[in-house]
Amino acid sequence: MTSWVRFRHQGKTGFGTLTQSDIIVHDGEMFDGAKPNGRQLALSDVELLAPTEPTKIVALWNNFHALAAKLNQPEPPEPLYLLKATTTVAAPGAVIRRPASYDGKTTYEGELGIVIGKTCSAVSPDEADEFIFGYTCVNDITANDILTRDPTFAQWARSKGIDGYGPFGPVIVAGIDPAKLVVRTILNGVERQNYPIADMIFSAQQLVSQISHDMTLLPGDLIACGTSVGVGVMKQPVNTITVAIDGIGELTNEFRQ
């Protein structure tokens, strides 16, 4: 397994692989020909950034058997998804604020994220692993009261597209089997979600394949695989929210009302 990070150090942005407490700095492009340049930085000396700059964020809805059953929703015959604005991206540790224009409920959604490593169009599920760079932690934050406010139009893009409402990271881990992973979400010290990725209706490989038949996926693009049971509202004036996936890491942010 290899853990990749992006960082800012002395005003410059870089990337590299993570050891226990250091970053092995690389030159080139993360997704094409990256090579260590001999430099090493202490993790404590850098500011971690979101580990990629996606051209698009694809977010799944109703992709877990358990959640579909709880909501009494039929399991979809094909992936149901929306696009989140790239301006939703927030770094690990970033403080996320509810905008002044919105005074409703905001919910967390802990999710597994797929990061694309090569330009990907119309690939088969069997080919998909060749185009997946690795996996990360995602919090698909939602302005829940906006979603169904207009009965004539479900506002998925707007409710999930607020600035900062898409933190992910802190790493991208390559060389793991996503089907063996478990997602946990901890709100203010209390575990709220704990669910297996093996319960997904569409596997990571199926998602990449089917989405790539609709749109070309580019290096760095992010697919948020959808969430399962345990989604809830962040009610306190200051909320600490962590999405933890053993084998990947922990994404922690603060959400302020």
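Everything that follows concerns the structure shown earlier in this document.
Residues numbered from 1 in each chain as written. Predicted model: local features only at pLDDT ≥ 70, side-chain atom pairs only at ≥ 80, totals over all residues. Heavy atoms only, no water.

Engineer: Run through the overall build of the protein chain, naming residues and quoting values.
Structural biologist: When helices and strands are tallied, the protein chain shows four helices and 20 strands. For 257 residues, the compact-globule formula gives about 18 Å, and the C-alpha radius of gyration of the protein chain, at 18 Å, lands near that figure. By principal-axis analysis of the C-alpha atoms, the protein chain measures approximately 55 × 45 × 30 Å. When the 257 residues of the protein chain are sorted by exposure, 51% land in the buried category. Taking all contacts inside the protein chain whose residues are at least 6 apart in sequence as the whole, residues at least 24 apart take part in 71%. Accessible surface computed for the protein chain: about 11,800 Å², of which carbon and sulfur atoms make up 48%. (Helix = DSSP H or I, 4+ residues; strand = E, 2+ residues; numbered from the N terminus. Rg over C-alpha atoms; globule rule 2.2 N^0.38 Å. Buried < 20%, exposed > 50% of the residue type's maximum accessible area, 1.4 Å probe, protein only. Contact = heavy atoms within 4.5 Å. Areas by Shrake-Rupley, 256 points an atom, 1.4 Å probe, with all protein chains shown as cover.)

Engineer: With reference to specific residues and values, describe the environment of Val 183.
Structural biologist: With respect to the element layout, Val 183 can be found in strand E15 (residues 182–187). Leaving out residues up to four positions away in the same chain, Val 183 has contacts with Gly 110, Glu 111, Leu 112, Gln 193, Asn 194, Tyr 195, Ile 197, Val 243, Ala 244 and Ile 245.

Engineer: Can you lay out the nonpolar core for me, pointing to particular residues and giving the numbers?
Structural biologist: Residues Leu 112, Ile 114, Tyr 135, Ile 197, Val 208, Ile 223 and Ile 248 are the most contacted members of the largest nonpolar core, which totals 41 residues. Ranked by the residues each element gives to this core, the list is headed by helix H4 (residues 204–212), at four residues. The residues contacting Val 208, other than those within four sequence positions of it, are Ile 114, Ile 116, Cys 120, Val 123, Ala 128, Ile 132, Leu 217 and Ile 223. Ala 59, Val 115, Val 138 and Ile 172 belong to the second-largest nonpolar core, a separate cluster that totals 14 residues. (Core = buried A, V, L, I, M, F, W, Y, C linked by side-chain atoms within 4.5 Å.)

Engineer: Please give an account of the layout of surface pockets that cites residues and values.
Structural biologist: Roughly 330 Å³ of internal volume is contained in the largest pocket. Lining the largest pocket are 22 residues, with Trp 61, Leu 67, Glu 109, Thr 227 and Val 231 sitting closest to its centre. Taken together, the elements giving at least two residues each to the lining of the largest pocket come down to strand E6 (57–61), helix H1 (65–70), helix H2 (144–147) and strand E18 (232–233). Reported here for the second largest pocket is a volume of approximately 260 Å³. Taken together, Arg 6, Thr 13, Gly 14, Phe 15, Glu 29, Met 30, Phe 31, Pro 51, Thr 52, Glu 53, Pro 219 and Gly 220 form the lining of the second largest pocket. Here the element with the most residues in the lining of the second largest pocket is strand E2 (residues 12–18); it accounts for three residues. Here the lining of the second largest pocket is built from residues that sort into five nonpolar, four polar and three charged. (1 Å grid on protein atoms, 1.4 Å probe; cavity = no way out; pocket = protein on both sides within 12 Å on 5 of 7 lines; lining within 4 Å. Points joined across faces, edges and corners; volume = space filled by probe spheres on them. Nonpolar A, V, L, I, M, F, W, Y, C, P; charged D, E, K, R; others polar.)

Engineer: Please set out the environment of Val 243 residue by residue, giving values where relevant.
Structural biologist: Here Val 243 shows up in strand E19 (residues 238–245). Val 243 sits in the buried class, given a relative accessible area of 1%. Sequence separation between Val 243 and Asn 253 is ten residues, and the spatial gap between their C-alpha atoms is 9.0 Å. Look past the residues within four positions of Val 243 in its chain and what remains in contact with it is Gly 110, Glu 111, Cys 137, Val 138, Asn 139, Val 183, Arg 184, Thr 185, Gly 249, Glu 250 and Leu 251.

Engineer: Lay out unusual backbone geometry with the relevant residues and their values.
Structural biologist: Cis geometry marks the peptide bond from Gly 169 to Pro 170; its omega dihedral reads 0°. In this model, Gln 10 sits at a positive phi of 50°, which is unusual for a non-glycine residue. Positive phi outside glycine occurs at Asn 72, with the angle close to 55°. Structurally, the position occupied by Asn 72 is in the loop between H1 and strand E7 (80–84).

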